[in-house]
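Take a look at the letters that make up each chain.
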Amino acid sequence: MQKLLYGIGALLVLLVIVGFALPQKHRIEVNIEIDAQPATVFALVNDFRRFSHWAPWTNTDPNARFLYSGARRGEGAIMTWDGAIIGSGTQMITESRPYEHVGIVLSPGEAGEARSWFNLVPGVGTTLVSWGFEADYGINIVGRYFASMLGSVVARDYQDGLSRLKELAESLPGADFSDIDFEHIVVEATDIAYLSTSSQPQPDAISDAMGKAYFQVLSFIEEQGLQIAGAPLSITRNYAGSALSFDAGIPVRGLTDTVARDGKSVRIGATWAGPVVRVKHTGSYRRLTTTHRKIAAYLAATGIERAGAAWESYLSDPGQVAEKDLVTYVYYPIKVD
């Protein structure tokens, strides 16, 4: 018995010695190239709600529960999870540099705090993504042993996660929206006099149809004794085949019960009231289609759902302002969680 105890004691001493000889810090980093813009990939790693659509543990433990708090995305965003297989934990985004880096702390403030990160490097129409993890186990010998045994498993899971990230990112619209500032605001409804019309989806045809519609709307405003209360706007209603349907409207004030609200041509209505994404477009109206594509790519990457028809508000008078300086605001109604 005494020899057995000595043997066990010697084994424990050996395990301790070997444990202290193991690396104190454990670090892994995996990489992948994704055929998508950095802005799209960044949106998927900078928001834990989007993160959960591709992260490897959603397959490992599909019944796990995820809770989100703090900021909606970026610095201060927090995710807490609890599952029978993946256990429980918390992680928080502590660094967020648009389109290039996201830093995350796991178990923030606790003894087992670790960190992970995403680095994004633009390629030729692609994004080079690296996902890393690092933990400092200090004098925790058990942690050092587990790190040495499970390092390859963690690396495999991370690589699987990047493969799923690649699949998701490459399924989204490919427009690069990194050069656009997106405002999330809440707007109030505005009374408008408008005419529903349509045209072929070419700039010259749209301009011609819009000009004719505004002429009728202005005539209606004058006949009804109303006042113009804002810049002309157009609300996109439908785009099918070779026809673009839209409402050409002008904000008005001075409405009374005697004003015809449901005429055969020009009608009275109101714009959307509620949360929107707003983008300022400067330059030719011909480039508005590109701006709309970028907004659509942004909404898809961030997982924001539309809640109504988009509209454009034309702040500049093309007869007095150079084409390169024309200012248009584009609005997209959205749903808010």
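Residues numbered from 1 in each chain as written. Predicted model: local features only at pLDDT ≥ 70, side-chain atom pairs only at ≥ 80, totals over all residues. Heavy atoms only, no water.

Some thoughts on the overall build of the protein chain
Of the regular secondary structure elements, the protein chain holds seven helices and 16 strands. Within the protein chain, the fraction of its 337 residues that count as buried is 41%. Counting only contacts in the protein chain whose residues sit at least 6 apart along the sequence, the fraction spanning at least 24 positions is 66%. Counting every atom, the protein chain has about 18,100 Å² of accessible surface; 54% of that belongs to carbon and sulfur. (Helix = DSSP H or I, 4+ residues; strand = E, 2+ residues; numbered from the N terminus. Buried < 20%, exposed > 50% of the residue type's maximum accessible area, 1.4 Å probe, protein only. Contact = heavy atoms within 4.5 Å. Areas by Shrake-Rupley, 256 points an atom, 1.4 Å probe, with all protein chains shown as cover.)

Observations concerning the pairing of strand β15 (residues 311-314)
What you see with β15 is no split at all: Trp311 and Ser313 on one side and Glu312 and Tyr314 on the other are buried throughout. Relative to strand β16 (residues 327-333), β15 runs antiparallel, the two being bridged by four bridges. Among the inter-strand pairings, serine 313 is bridged to a residue of β16, identified as tyrosine 329. (Pairing = 2+ DSSP bridges.)

Section: the pattern of salt bridges
For the structure on display, the rule yields 14 salt bridges. Here aspartate 47 makes a salt bridge to arginine 73, at a shortest N to O gap of 3.6 Å. Residue aspartate 47 is found in the loop between α2 (38-45) and α3 (48-51), and its partner arginine 73 is found in the loop between β2 (65-70) and β3 (77-83); the two are separated by 26 residues along the sequence. Where arginine 286 meets aspartate 204, a salt bridge forms, and the shortest distance between an N and an O atom there is 2.8 Å. Taken together, the positions of arginine 286 in the loop between β14 (274-282) and α7 (288-302) and aspartate 204 in helix α6 (residues 203-223) put the pair 82 residues apart, joining distant regions of the chain. (Salt bridge = Lys/Arg side-chain N within 4 Å of Asp/Glu carboxyl O.)

Looking at unusual backbone geometry
Positive phi, normally seen in glycine, also occurs at tyrosine 99, with a value near 70°. Following the sequence through the fold, tyrosine 99 ends up in the loop between β4 (87-97) and β5 (101-106). Look at tyrosine 99 and you get partly exposed, because its relative accessible area is 27%.

Let's talk about α2
Of all eight residues in α2, eight are buried; the element is thus mostly enclosed. Of the positions making up α2, those classed as buried are Pro38, Ala39, Thr40, Val41, Phe42, Ala43, Leu44 and Val45.

Observations concerning the packing of aromatic side chains
Counted by the stated rule, this structure contains 16 aromatic pairs. Here phenylalanine 118 and tryptophan 131 contribute two aromatic rings whose centre-to-centre distance is 5.0 Å and whose plane-to-plane angle is 20°, an arrangement assigned as stacked. In this pair, phenylalanine 118 sits in strand β6 (residues 114-122) while tryptophan 131 sits in strand β7 (residues 127-136), placing the two residues 13 residues apart along the sequence. Look at tryptophan 131 and you get buried, because its relative accessible area is 1%. Between phenylalanine 182 and tyrosine 298, the ring centres sit 3.8 Å apart and the planes meet at 10°, which makes this aromatic pair stacked. Taken as a pair, phenylalanine 182 in the loop between α5 (141-170) and β8 (183-187) and tyrosine 298 in helix α7 lie far apart in primary sequence, 116 residues in all. Of the two residues, phenylalanine 182 and tyrosine 298, both sit in the buried class. Members of the aromatic cluster, joined through ring pairs, are Phe48, Phe51, Trp54, Phe118, Trp131, Phe133 and Tyr158. Geometry around tyrosine 329 places arginine 278 over its ring, the cationic atom sitting 4.4 Å from the centre. (Phe/Tyr/Trp six-rings, centres within 6.5 Å; stacked < 30°, edge-to-face > 60°. Lys NZ or Arg CZ within 6 Å of the ring centre and 35° of its normal.)

Some details on the side chain of threonine 291
Looking at the element boundaries, threonine 291 is found in helix α7. Here histidine 281 takes part through its side chain, which lies 2.8 Å from a polar atom of the side chain of threonine 291. Contacts of threonine 291, omitting those with residues within four sequence positions, involve Ile180, Val279, His281 and Val330. (Polar contact = N/O pair within 3.5 Å; in protein donor to acceptor, adjacent residues only side chain to side chain.)

Here's the deal with the nonpolar core
Core analysis: the biggest nonpolar cluster contains 72 residues, and Phe51, Phe118, Val129, Trp131 and Leu165 have the highest contact counts within it. Of the residues forming this core, the biggest block, seven residues, is contributed by α6. For phenylalanine 51, the contacting residues outside a window of four places in its chain are Leu44, Val45, Trp57, Gln91, Ile104, Phe118 and Trp131. In terms of nonpolar packing, the next biggest core, distinct from the first, is built from 10 residues, Tyr194, Leu233, Ile235 and Val327 among them. (Core = buried A, V, L, I, M, F, W, Y, C linked by side-chain atoms within 4.5 Å.)

Side note on the confidence of the model for the protein chain
Detailed reading of the predicted coordinates is not advisable wherever pLDDT is low. With 85% of its residues at a pLDDT of at least 70, the protein chain reaches an overall mean of 86. Between residues 3-23, whose pLDDT stays under 50, and residues either more than four places distant or in other chains, the model counts 14 contacts. This model gives residues 138-151 a pLDDT under 50, and the stretch forms 25 contacts once residues within four places in sequence are excluded. (pLDDT = per-residue confidence, 0-100.)

Some words on α7
The end-to-end C-alpha distance of α7 is 21 Å, a good match for the 21 Å that 15 residues give at a rise of 1.5 Å each. Looking at α7, one finds that the buried residues are Leu288, Thr291, His292, Lys294, Ile295, Ala297, Tyr298, Leu299, Ala301 and Thr302. Phi turns positive, to about 75°, at glycine 303, one or two residues after α7. (Expected span 1.5 Å × (residues − 1).)

Remarks on the environment of leucine 326
Its place among the elements puts leucine 326 in the loop between β15 and β16. Of the residues examined, leucine 326 reaches a relative accessible area of 4% and is grouped as buried. In sequence terms leucine 326 and glycine 283 are 43 residues apart; their C-alpha atoms lie 4.9 Å from each other. What leucine 326 contacts, discounting residues up to four positions off in sequence, is His281, Thr282, Gly283, Tyr285, Ser316, Asp317, Pro318 and Val321.

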